[in-house]
Amino acid sequence: MSSASEAEGAPAAGLAAPVTACRSCDGPAPRAFLSLGATPVANRLVKADSLGAADPSFPLEVGFCEQCALVQLTHVLPADEIFDADYPYFSSFSDTLVRHSEKHVIDLIASRGLGPDSLVVEVASNDGYLLKAFVERGIPVLGIEPTPGPAAAARAAGVPTREAFFGAELARTLVAEGLKADVIIANNVMAHVPDLNSFVEGFSILLKDDGIIDVENPGVGGLLANNEFDTVYHEHFCYFSTIAVDALMRRHGLALVGVDEFAELHGGTLRWRMQHQAAAVPAESVAAVLGAERSAGLGTFERYASFGDDVRALQAELAELLRSLRAQGRTIAAYGAAAKGATLLNSTGLDNSLIDFVVDRNTHKQGKYLPGARIPILDPAVLLERQPDYLLLLAWNVKKEIMSQQEEYAARGGHFIVPVPRPVVL
Ligand SMILES: [Zn+2]
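None of these values were measured; they are calculated from a predicted model.

Rules used in this analysis
Residues numbered from 1 in each chain as written. Predicted model: local features only at pLDDT ≥ 70, side-chain atom pairs only at ≥ 80, totals over all residues. Core = buried A, V, L, I, M, F, W, Y, C linked by C-beta atoms within 7 Å. Buried ≥ 20, exposed ≤ 12 C-beta atoms within 10 Å, placed from the backbone. Domains from an automatic or database assignment. Contact = placed C-beta atoms within 7 Å. Pairing = 2+ DSSP bridges. Helix = DSSP H or I, 4+ residues; strand = E, 2+ residues; numbered from the N terminus. Axes fitted to C-alpha atoms, helices over the stretch in contact; angles between N-to-C directions. Parallel < 35°, antiparallel > 145°, perpendicular 65-115°, else oblique. Left-handed = near helix turned anticlockwise from the far one by under 90°. Nonpolar A, V, L, I, M, F, W, Y, C, P; charged D, E, K, R; others polar.

1. Focus: the nonpolar core
Counting 124 residues, the largest nonpolar core has V120, I184, V358 and L370 as its most contacted members. Lining this core are residues from two domains, each supplying at least three of them: domain 1 (1-282) and domain 2 (303-425). Leaving out residues up to four positions away in the same chain, V358 has contacts with A333, A334, Y335, A337, G341, L370, I375, I377 and L394.

2. Looking at the sheet that holds strand β8 (residues 161-162)
Ordered by their spatial adjacency, seven strands build an open sheet running β8-β7-β6-β9-β10-β13-β12, and the pairing between neighbours is mixed. The sheet is open, and its two edges are formed by β8 and β12 (254-262), each paired on a single side. Pairing between β12 and strand β13 (residues 269-276): eight bridges, direction antiparallel. Of the residues in β13, the one forming a bridge with A255 is Q275. Against the sheet, helix α8 (residues 242-250) contacts β12 and β13, and its axis sits at roughly 155° relative to β12.

3. Observations concerning the sheet that holds strand β4 (residues 71-73)
Read from one edge of the open sheet, four strands run β2-β3-β4-β11, paired in antiparallel fashion. Two strands close off the open sheet at either side, each with one partner strand: β2 (31-40) and β11 (238-239). With respect to the sheet, helix α11 (residues 339-348) is in contact with β2 and β3 (57-64), its orientation differing from that of β2 by roughly 95°.

4. Thoughts on the pairing of strand β18 (residues 415-418)
Across three bridges, the pairing between strand β17 (residues 390-393) and β18 is parallel. Across the sheet, the residue bridging to L392 is I417, located in β18. Bridging between β18 and strand β19 (residues 424-425) involves two bridges; their strand directions are antiparallel. The residue bridging V418 from the neighbouring strand is V424, located in β19. In this structure, the hairpin formed by β18 and β19 is closed by a connection of five residues.

5. Thoughts on the packing of helix α5 (residues 168-176) against helix α6 (residues 196-206)
Following both chains from N to C, one finds α5 and α6 inclined at 15°, their axes separated by 7 Å at the closest point. The angle between the axes of α5 and α6 places the two elements in the roughly parallel class. You can see that α5 and α6 cross each other, and the crossing is right-handed. In this structure, α5 uses A168, L170, A171, R172, L174 and V175 to contact α6, whose residues at the interface are S198, E201, G202, I205 and L206.

6. Details of the domain arrangement of the protein chain
Examined at the domain level, the protein chain breaks down into domain 1 (1-282) and domain 2 (303-425). If you average the C-alpha positions of domain 1 and of domain 2, the two centres end up 28 Å apart. On the domain 2 side, the residues contacting the 31 residues of domain 1 number 27 residues. Of all elements in the fold, only β2 and β3 reach the threshold of two or more residues within the side of domain 1 that touches domain 2. Residue contributions to the side of domain 1 that touches domain 2 peak at six residues, all from β2. Of the residues that constitute the side of domain 1 that touches domain 2, the class distribution is 18 nonpolar, eight polar and five charged.

7. Digging into unusual backbone geometry
The omega torsion across V420 and P421 is 0°, close enough to zero to call that bond cis. For A69, which is not glycine, the phi dihedral falls at a positive 70°. When you line up the elements, A69 lands in the loop between β3 and β4. Positioned with a positive phi, A124 is a non-glycine residue whose angle comes to about 60°. Looking at the secondary structure, you find A124 in the loop between β6 (120-123) and α3 (131-135). Residue classification places A124 among the buried residues on the basis of 22 C-beta atoms within 10 Å.

8. Thoughts on the environment of A156
Along the chain, A156 falls in helix α4 (residues 148-156). For A156, a count of 11 C-beta atoms within 10 Å translates into the label exposed. Once the C-alpha coordinates of A156 and L314 are considered, the two residues, 158 residues apart in sequence, prove to be 47 Å apart.

9. Section: the packing of α8 against helix α9 (residues 284-295)
Between α8 and α9, the least distance of the axes is 9 Å, while the angle of their chain directions is 125°. Taken together, the axis directions place α8 and α9 in an arrangement best described as oblique. Touching T242, I243 and D246 of α8 are V289, L290, E293 and R294, all from α9. Its residues placed into classes, the contact of α8 with α9 shows three nonpolar, one polar and three charged.

10. Topic: the pairing of β3
With six of eight residues buried, β3 lies mostly within the body of the structure. Relative to β4, β3 runs antiparallel, the two sharing three bridges. Residue V62 lies in a different strand from β4, and its bridge partner there is L73. Here β3 hands over to β4 after six residues, with A69 in that stretch at a positive phi of 70°.

This is the structure we're talking about:
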C-alpha cells in the first residue's frame, strides 16, 4: 500500500484540493458522477477520549475521465490526513485469500519456469505472506513495503524486504544494483497510488525483457453491477476498468496479455497480466474482457451517471427503512466496523440516533467509534446479550459467514438487513 506523501502538488494541511487533471492520461479534470458528501476519512476510528473533537471531513466525490476512461476521486486530501499513526494494519487473511495466493504462486512457478536464478518482486508485500511461498520453494524474492511494521515482520519471516515506496526512481535504483524481475506482483495497491505514471513506469524499468507483471484489484465493473458505492473512500484514488488499465499500460510500453476474473475475492477481483509490448502475445481473454466492458458501457460517462442515480435511490430506500423501523420502536445494530461501513453510514446520513452499536471481531477496533456516525464498536458477543431486533450487515461481502456465525441471534428472532445491491431484510 502506498501513501499520498508522494502526491505531486499535495495541498496544505487541513484542505482538500480539486483534481485538475486525470491521474492517468493528464487529460481534463474527471467529470463527477457520484458525490458522497463531505465525510471523515473512513479508516480513522475515534477513541473514546477524542469524542469531544469534531472529525475532519473532506469531499468524497467520484468522476470519470472522458479521455482514458479512468474512474477516480475528484479531490486530493492532504497526505497526513490519510496515513496517520493509528492507521489500522490487518495481518490476518481470509482462507479464501490464502488459497487464492497459493494457487497463484504454484501457477507462476510452473508457467514461467521459475527457479533459483529467477527473481520475483512484490510491490506492497505487507508481511511477506505471498513471497514466503516462493522462498519456501527456493525462488529468490524481493518485497517492497513502505510501512515499517509489516516490512520488519516480513524480514523476520525470511522474506528480503525493502522499506520503500515503489515508483520509477526505486526501479532505477534496483536496476543499478543489478536486479531485474522475472515476475512483478502488485495486489490491491494500484488504487492507492498517488502517482500512477511513475508506478507503472517503474514496472517497465524493473521488468526483464520476457518477464510478466500480475496486478490484482477489484474491478469497477463489479462495483457498478452490485451498487458497491461503499467501497469508495478517500484512500482509494482510482477505480479501474480493463479499458483504463489498457490505456495506462500502453503509454508505458507495456501490453495486456491476459485478464483473469475472481468473482469471490473482495466482491469481484480482476488480475491484469502485462508484458513488454515487444514480448507480448495477448490471450483471447484480453479482447473478450475489453469487448464485454465496452458493451456494459464502462467506456462512457452515461453508465456512470446512471450508477450515481442508482446509488441515490438505494440510500433513500435504506434510510427510509431504518427510520421507519426506529419509529416502530425497533432496535438496530450493525456488523463490521470496516472503512466501507463508515462510507455507507456517513454518505447515507445514518448515525448513532438510528444504530445503537456496531460489532466487529477485531479487538483493536473494539472500544473505539466509527468516525462521523459516532457509533461505538463492541465485541460480537454483545449481540446475544442485547439482542437488537435488526442487524445491518455493513460487511455484506462476508454476509454468509456472518449469518452462519450468528445463527443463535437469528434463532432468537433477530433479522439481518443487507444494504447492497438493494436493501433487503432477511
Ligand atoms: Zn484520463
